[in-house]
Amino acid sequence: MIEEKLKEVYGIDKYGKNVPEWAEKIKYEFVDEVMQDKLREAKIWINELYKVFEELQERLKVKGMLFSREMKSFLDDPRRHLVKKLFIYYHDLIRGKLSVDDFIVKGKQAIVSSFNSNMRSIYQSWGLASIVLLLAEKGNYELIYPEHGYLDFDRSGKQKSGTIPPNIVVGNVVTSFSFFLEAPRPITWEDGGDLEKVWKFYSLVRPDMLIYEGTEINIVDPQGDIPIKRPDYIVEYKELPNWWKRWRYLKDYKPLDGNEWRARWLKGLYEGFAEILGVEAKDLPSFSEGKSKRIKEYKVIELYEAIYKPRKGGVVISRVPVEDEIKREIINDNVTLIDDVGFNQGRLEILIEKMTKGIKSTYDLKELAYKFAMSKKEEFIEWMRSQGLY
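Residues numbered from 1 in each chain as written. Predicted model: local features only at pLDDT ≥ 70, side-chain atom pairs only at ≥ 80, totals over all residues. Heavy atoms only, no water.

**Q** Looking at this structure, I do not really get the overall build of the protein. What am I missing?
**A** Within the protein one finds 14 helices and 11 strands. Across the 390 residues that make up the protein, the buried fraction comes to 42%. A separation threshold of at least 6 residues defines the contact pool for the protein, and within that pool the share at least 24 residues apart is 71%. About 22,100 Å² of surface is accessible on the protein, with carbon and sulfur atoms providing 49% of the total. (Helix = DSSP H or I, 4+ residues; strand = E, 2+ residues; numbered from the N terminus. Buried < 20%, exposed > 50% of the residue type's maximum accessible area, 1.4 Å probe, protein only. Contact = heavy atoms within 4.5 Å. Areas by Shrake-Rupley, 256 points an atom, 1.4 Å probe, with all protein chains shown as cover.)

Set out below in structure tokens:
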């Protein structure tokens, strides 16, 4: 029983400096007991993700894939990654600063939260990669951005320049599509005046993915009703079984000025140090918090649709089959549901058809001829020479 082994570890080193190897192994046993078959499931999902990446490398000639440090660690070794999440709690257990019962509660929360977050990121990345692959297969789309040829599935740090760039842009001679995972996120600011301008980014709910027709390198639009350009599609990925039975908790954010932001940050810093030192944090400021509300998970797409007003509508991609009653609640003129997707790319062809419908009839023949000439530049010049035009 893992609880008995944790009792053996409790308080074995007051300073947590000399931890025996047998004690370190217990962290792995704890992860195994909590997660059980879920680690095997994670490896299956990871294999599916890399499978579509291999197809993309062959089809689009991409050089590789970029992930956040968190996700890369999970993809390399899910079990080891979850063990890392126990480090601080386990160290406190060894020092006798955290009881066995508290460690079990906090440790379980940490690894389950990390597991669910990474599995969600895997499914989102698989979905985006599959959409890009289908566009390449069905419409000869090629990678336009990033120019370095690495598909970028990381969103962190992208807004430091005050812009929100895409993760991926693909295009053919007729049109292009820009994909933004988990955008918009807050952009950089320096003082209270800047914070007022970008506050909408903090208070705005964030869809899983935005799709724009055309090449959009920066979607920031601070003058609009929402701080980004109006998207063509909003996509929500649902990877969990019975996801429609879950609740989403949303918080109302009141605007902050730069001074309150800094004061809140310092308060958190003091509280963190106090916890580490085992003392009580005193004389700290108090702040009023926004109210929270909850809505059913399947109603979130309606909320996003109302806020972002996508030109072509919202799309829900569900890994599992959805109950007929819930389908009727979700599907309308503006929202499409694609369920029972699993890891079957063919199920996503519905979205590809929706995205590319009507595009062939809207192109400009002269523009198309120019693009073709530029793609065959040497041959075009040779032809012009033969006509006495060059």
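**Q** Could you clarify how one ought to interpret the pattern of salt bridges in this entry?
**A** Note on pairing: side chains with opposite charge can pair once their charged atoms come close. Enumeration over the complete set of coordinates arrives at 23 salt bridges. For Lys-72, the salt bridge goes to Asp-76, with nearest N and O atoms at 2.9 Å. With a gap of 4 residues between them, Lys-72 and Asp-76 both fall in helix α4 (residues 69-76), about one helical turn apart. A salt bridge links Arg-385 to Glu-382; the nearest nitrogen and oxygen atoms lie 3.6 Å apart. Remark: Glu-382 and Arg-385 occur in helix α14 (residues 377-386); sequence separation between them is 3 residues, near one turn of the helix. Judged by relative accessible area, Arg-385 falls into the partly exposed class, the value being 46%. Judged by its relative accessible area of 48%, Glu-382 falls in the partly exposed class. Via salt bridges that share partners, Glu-236, Lys-238, Arg-248 and Glu-297 belong to a single interconnected network. (Salt bridge = Lys/Arg side-chain N within 4 Å of Asp/Glu carboxyl O.)

**Q** Could you clarify how one ought to interpret α4 in this entry?
**A** Since the α-helix turns once every 3.6 residues, residues separated by three or four places project in the same direction. Regarding α4, the residues found buried are Met-71, Ser-73, Phe-74 and Leu-75. Looking at the packing, one finds that the buried side of α4 touches α3 (38-60), α5 (78-84) and α7 (100-139).

**Q** What is the right way to read the nonpolar core from this model?
**A** A general feature of soluble globular proteins is that nonpolar side chains tend to end up buried together. Membership of the largest hydrophobic core comes to 68 residues, with the highest contact counts inside it found for Ile-131, Phe-153, Phe-179 and Met-355. The dominant element in this core, judged by the number of residues it contributes, is α7, at 16 residues. If sequence neighbours within four positions are ignored, Met-355 has contacts with Ile-131, Leu-135, Phe-177, Phe-179, Ile-211, Glu-213 and Tyr-233. Core analysis: the next-biggest nonpolar cluster, separate from the first, contains 25 residues, Tyr-212, Ile-228, Tyr-304 and Ile-326 among them. (Core = buried A, V, L, I, M, F, W, Y, C linked by side-chain atoms within 4.5 Å.)

**Q** Can you walk me through unusual backbone geometry in this structure?
**A** Cis peptide bonds are those with omega within 30 degrees of zero, and the linkage from Tyr-145 to Pro-146 qualifies with 5°. Inspection of the secondary structure assignment puts Pro-146 in the loop between β2 (142-145) and β3 (150-152). Here the phi dihedral of Gln-36 falls at roughly 50°; this positive angle occurs in a residue that is not glycine. With respect to the helices and strands, Gln-36 occurs in the loop between α2 (21-35) and α3. With a phi close to 55°, Asn-242 is a non-glycine residue in the positive phi region. Mapped onto the elements, Asn-242 comes out in the loop between β7 (233-238) and β8 (247-251).

**Q** Just to check I follow, could you spell out a negative patch on the surface for this structure?
**A** On the surface, Glu-54, Glu-55, Glu-58 and Glu-137 cluster together to form a negatively charged patch. Within the fold, Glu-137 resides in helix α7. Given the relative accessible area of 39%, Glu-137 is considered partly exposed. (Patch = residues over 30% accessible without salt bridge, like charges linked within 9 Å, V, L, I, M, F, W, Y side chains within 5 Å. Lys, Arg positive; Asp, Glu negative; His and termini not counted. Charge placed at Lys NZ, Arg CZ, Asp CG, Glu CD.)

**Q** What am I meant to see in the sheet that holds strand β5 (residues 176-181) here?
**A** Note: strands within a sheet are paired through backbone hydrogen bonds, in either parallel or antiparallel orientation. The strand order across the open sheet built from 7 strands is β2-β4-β5-β6-β7-β10-β11, with neighbouring strands paired in mixed fashion. The two strands at the open ends of the sheet, each matched to only one other strand, are β2 and β11 (335-338). For this sheet the average axis-to-axis angle between neighbouring strands, irrespective of direction, equals 25°. Pairing of strand β10 (residues 313-318) with β11 involves 4 bridges; the strand directions are parallel. When the bridges of β11 are listed, Ile-317 appears paired with Ile-338. (Pairing = 2+ DSSP bridges. Axes fitted to C-alpha atoms, helices over the stretch in contact; angles between N-to-C directions.)

**Q** Honestly, the pairing of strand β6 (residues 209-213) in this entry has me stumped. Any pointers?
**A** Two faces make up the sheet, and in a regular strand the side chains alternate between them. When you tally the buried positions in β6, you get 4 out of 5 residues, the bulk of the element. Judged from the 5 bridges that link them, β5 and β6 form a sheet pairing that is antiparallel. The residue bridging Phe-180 from the neighbouring strand is Leu-210, located in β6.

**Q** Would you explain the packing of aromatic side chains in this entry?
**A** Describing an aromatic ring pair means giving the distance of the ring centres and the angle of the ring planes. Tallied over the full model, the rule gives 17 aromatic pairs. When the ring centre of Trp-247 is taken as reference, the NZ or CZ atom of Arg-294 above it lies at 3.8 Å. (Phe/Tyr/Trp six-rings, centres within 6.5 Å; stacked < 30°, edge-to-face > 60°. Lys NZ or Arg CZ within 6 Å of the ring centre and 35° of its normal.)

**Q** What should I look at first to understand α2 in this one?
**A** Here α2 contains 15 residues, and its C-alpha end-to-end distance of 22 Å stays within 8% of the 21 Å for a straight helix at 1.5 Å per residue. Close packing links the buried residues of α2 with α1 (2-9), α3, α5, α6 (87-94) and α7. After α2 finishes, the residue Gln-36 shows a positive phi value of roughly 50°. (Expected span 1.5 Å × (residues − 1).)

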